[in-house]
Amino acid sequence: MKNALVAKILNRVADFLELKEETFRVRAYRRAAHTIQLLPTDIEEYAKKRKLTELPGIGRNIAEKVEEILETGRLSYLEKLEKEYPIDMDSLLAIEGIGPKTIKILYEKLKIKNLQDLEYHARRGDLRKIKGIGEKKEERILQSIEFVRSTLGRRLLAYAEPIAEYIKSLIEGHPAAERVEIAGSIRRGGETIGDIDILTTTKKPKEIIDYFTSLEVADEIIAKGTKKAIIRLEDGLECELRIFREEEFGAALLYFTGSMEFNVELRKLARSKSMKLNEYGLYKNGKRIASKTEKEIFKALGLEYIQPELRENNGEIEAAARGNLPSLIREDQIMGDLHIHTIWSDGTETIETMARAAKSLGYEYIAVTDHSGSLKIAGGLDEEKLQRQIEEIDNLDLKVHIFKGIEVNIRLDGQLDIPDDILSKLDIVIASIHSPGREDMTERILSAIQDKHVHMIGHPTGRKLFQREEYPLNLDRIFEEAAKTGTILEINANPIRLDLRDIYIKKAIEYGCKLAINTDAHRLPDLHNMKWGVKTARRGWATPHDIINTLKIEKIKRIF
Ligand code: DGT
Ligand code: CA
Ligand code: ZN
């Protein structure tokens, strides 16, 4: 289905037409893109039946363009515009506060074409001289450049992993394929992914390479050799396949799982033991001594097996040498989900539906934690609604325990937006910031941690991948206070949040904090996000002992 691609190209045409100030055509292209974006059926169906012009906002001219995109994957009209304006739209539009209109001004006044130009002029203070930008915005643009650079072209793990698994299963389906494994950042459970790396063993490399490069998902072949090929998928994501021999597969998997920094350290360790490590094996005195499995290579290096999630050169090699690695939390050890929304606020399902789904996931308990009232958009709970919700839960008789909870807002002054006498009726109170402000964010969170009604802080740093950086926080003070008061810190499993993130989880555990992995589900499928939270917790060295919702119902009841 090429709907997304077509919409993207039409929108890009509109971006360029803004530079020409062709307002009317800008609107026409945006409208067509919008229609196609929201179309529930495959746009190709309409094209085949020559019915494109029946869609709202699509006239003859744009219909022809859509046909060209569907046939060739490209649009010559867009290519003409790109030649006329050699501007890196993707990068510039990703910068906070910059739209097509600003791009036009920046291009005309300062010849800014890409991030590099933009950074150069922002550092020189040229941007602030432009009307409507000013010093503050120039500062924000500089920060945003850094942020965009680190995310450009990357995807969420939750987006890329299922695609990787699908391609893996396709390769596994080929009769000549033997072992097939996903390596790289996906195997390490990284929160964002640059590309997909797959390794396989086979006796017929040519057949596998031909098969891989002719897959339906391969929009373009980037490289094709005898032992390696790279394809580009429809959405631009690249997938690389490498072929190895059975006896060297462990070494290859170790190498291509990375991370790069981990590989460098591991090779250093090998050298210090007069050995040599590469993607084909571990060698001593010119003789290969280990290569078939990762386990035997770690062993020959005098190390415990290091789980892929830990391979970030963050102390794991030293810990493995001492036999001191944590025994990482697993998803099957999660006994319940302590942050769930329902139709009582902005969720889409009833309490009963969510509870039944949780039961089928094998959970012993959930906590229903709808938003409090001051979040207007969320249709939150007031005192009266909360009382009715409590009664509803009391009347439900399901095979999963339901903790009565709420997710209260931490106001700008650090106070909660629900009075104490109501909070004290509830089993569990999660306090979260939903409206960052100019006030000191650390102080706001600290005052929530110190509130005796608060059990947990939800998504503590507020970051959203690709969207928003974390609040400026003094995490040392927060972790210290959370550990002292026994306030639980959340690992929010929403793939956009994953907050606390890996490195902070490790730090929080060192401070002695207790953590919970919650999905913050608003819809039924969100309950499955637990997996991403667990991966992140593993990357943060968390054991079941650190995660409160590994406790069985009898034990956790003593806390709430
Ligand atoms: P990504 O794709 O940016 O999300 O991150 P990775 O870690 O998957 O990186 P990628 O795909 O470039 O390479 C996969 C692994 O292969 C990487 O983690 C380590 C290994 N690797 C690739 N190139 C090199 C290299 O030049 N030196 C070393 N030591 N390792 C490399
Ligand atoms: Ca990769
Ligand atoms: Zn929530």
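The structure displayed is predicted, hence computed values, not measured ones. (Residues numbered from 1 in each chain as written. Chains lettered and ligands numbered in written order. Predicted model: local features only at pLDDT ≥ 70, side-chain atom pairs only at ≥ 80, totals over all residues. Heavy atoms only, no water.)

Caption draft 1: Expanded view of the site of ligand 1. Looking at ligand 1, there are 16 residues lining it, with Arg-154, Ser-185, Arg-188, Gly-194 and Arg-267 nearest. Note that an oxygen atom of ligand 1 is positioned 2.9 Å from one of the side-chain N or O atoms of Asp-195. Burial of ligand 1 by the protein chains amounts to 71% of its free accessible area of 590 Å². Listed by contribution, the elements that provide at least two residues to the shell around ligand 1 are helix H11 (184–188), helix H13 (249–257) and helix H14 (260–272). In terms of residue class, the shell around ligand 1 is made up of four nonpolar, seven polar and five charged. Taken together, domain 2 (155–244) and domain 3 (249–322) each give at least three residues to the shell around ligand 1, which thus spans both. (Near = heavy atom within 4 Å. Polar contact = N/O pair within 3.5 Å; in protein donor to acceptor, adjacent residues only side chain to side chain. Areas by Shrake-Rupley, 256 points an atom, 1.4 Å probe, with all protein chains shown as cover. Helix = DSSP H or I, 4+ residues; strand = E, 2+ residues; numbered from the N terminus. Nonpolar A, V, L, I, M, F, W, Y, C, P; charged D, E, K, R; others polar. Domains from an automatic or database assignment.)

Caption draft 2: Examining the coordination of the calcium ion (ligand 2) more closely. For the calcium ion (ligand 2), the full set of protein donor atoms is Asp-195 (O), Asp-195 (OD) and Asp-197 (OD), and the range of their distances to it is 2.2 to 2.9 Å. Between the six donor atoms coordinating the calcium ion (ligand 2), the angles at the centre fall across 66 to 165 degrees, so the site counts as irregular. (Donors = N, O, S within 2.8 Å, 3.2 Å for Na, K, Ca; no water. Tetrahedral: all angles 85-135°; square planar, octahedral: opposite > 155°, others 65-115°.)

Caption draft 3: Geometry of the pairing of strand S6 (residues 228–233). Pairing of strand S5 (residues 218–224) with S6, which is carried by five bridges, proceeds in the antiparallel orientation. Bridging across to S6, Lys-224 finds its partner in Ala-229. Count of turn residues in the S5/S6 antiparallel hairpin: three residues. Note: S6 against strand S7 (residues 238–244), five bridges, orientation antiparallel. (Pairing = 2+ DSSP bridges.)

Caption draft 4: Structural context of helix H22 (residues 502–510). Of all the residues in H22, the buried ones are Asp-502, Tyr-504, Ile-505, Lys-506, Ala-508 and Ile-509. Against the buried residues of H22 lie helix H21 (475–485), strand S16 (488–492), strand S17 (515–518) and helix H23 (530–539). Looking one or two residues past H22, Gly-512 carries a phi angle of roughly 90 degrees, positive in sign. (Buried < 20%, exposed > 50% of the residue type's maximum accessible area, 1.4 Å probe, protein only. Contact = heavy atoms within 4.5 Å.)

Caption draft 5: Focus on the pairing of strand S10 (residues 287–290). Where strand S9 (residues 281–284) lies against S10, three bridges are found, and the strand directions are antiparallel. For Tyr-283, the partnering residue across the bridge sits in S10 and is Arg-288. Taken together, S9 and the strand that follows it, S10, pair antiparallel across an intervening segment of two residues, in which Asn-285 is found at a positive phi of about 50 degrees.

Caption draft 6: View of the sheet that holds strand S13 (residues 401–409). Spatially, the seven strands line up as an open sheet ordered S11-S12-S13-S14-S15-S16-S17, and their pairing is parallel. Since the sheet does not close on itself, it has two edges, and those belong to strand S11 (336–340) and S17, each with one partner. Here two bridges tie strand S14 (residues 428–432) to strand S15 (residues 456–457), and the two strands are oriented parallel to one another. Along S15, the bridge assignment pairs Ala-431 with Ile-457. With respect to the sheet, helix H18 (residues 383–395) is in contact with strand S12 (365–371) and S13, its orientation differing from that of S13 by roughly 165 degrees. (Axes fitted to C-alpha atoms, helices over the stretch in contact; angles between N-to-C directions.)

Caption draft 7: Layout of the coordination of the zinc ion (ligand 3). Distances from the zinc ion (ligand 3) to its protein donors, His-339 (NE2), His-341 (NE2), Glu-407 (OE) and Asp-520 (OD), fall at 2.1 to 2.2 Å. The site at the zinc ion (ligand 3) holds four donor atoms, and with the angles between them running 81 to 169 degrees, its shape is irregular. Going along the chain, you hit the donors of the zinc ion (ligand 3) in the pattern H-x1-H-x65-E-x112-D. A residue pair is termed long-range when its members are at least 10 positions apart, and His-341 in the loop between S11 and helix H17 (351–360) and Glu-407 in strand S13 qualify at 66 residues. This pair shows no difference in class: His-341 is buried, exactly as Glu-407 is.

Caption draft 8: Highlighting the sheet that holds S7. The strand order S2-S4-S7-S6-S5 describes an open sheet built from five strands, whose pairing is mixed. Strands with a single pairing partner mark the edges of an open sheet, and in this sheet they are strand S2 (177–182) and S5. Taking the axes of each pair of neighbouring strands and ignoring which way they run, one obtains an average angle of 25 degrees across the sheet. The pairing of S2 with strand S4 (residues 196–202) spans four bridges and is antiparallel. Following the sheet pairing, Glu-181 is matched in S4 by Leu-199. Contacting S2, S4 and S7, H13 runs over the sheet at an angle of about 175 degrees to S4.

Caption draft 9: Representation of a negative patch on the surface. Taken together, the side chains of Glu-96, Glu-146, Glu-469 and Glu-470 present a region of like negative charge at the surface. You can call Glu-146 exposed: its relative accessible area is 59%. (Patch = residues over 30% accessible without salt bridge, like charges linked within 9 Å, V, L, I, M, F, W, Y side chains within 5 Å. Salt bridge = Lys/Arg side-chain N within 4 Å of Asp/Glu carboxyl O. Lys, Arg positive; Asp, Glu negative; His and termini not counted. Charge placed at Lys NZ, Arg CZ, Asp CG, Glu CD.)

Caption draft 10: Just the domain arrangement of the protein chain, in detail. With domains assigned, the protein chain is organised as domain 1 (3–149), domain 2 (155–244), domain 3 (249–322) and domain 4 (331–559). Summarising the inter-unit geometry, the C-alpha centres of domain 3 and domain 4 are found 38 Å apart. Counting residues at the interface gives eight residues for domain 3, matched by six residues for domain 4. On the domain 3 side of the interface with domain 4, the three residues burying the most area are Glu-309, Leu-310 and Asn-314, jointly 73% of the side's total. (Buried area = accessible area lost by both parts, 1.4 Å probe.)

Caption draft 11: Focus on the pattern of salt bridges. The tally for this structure, following the rule as stated, stands at 53 salt bridges. As a salt-bridge pair, Glu-248 and Arg-245 come within 4.0 Å of each other at their nearest N and O atoms. In this structure Glu-248 comes out as buried when scored by relative accessible area, which is 5%. Exposure remark for Arg-245: the relative accessible area of 51% places this residue in the exposed category. One salt bridge in this structure joins Arg-388 and Glu-384, with 3.0 Å as the shortest N-O distance. Of this pair, Arg-388 and Glu-384 are both found in helix H18, four residues apart, which corresponds to roughly one turn of the helix.

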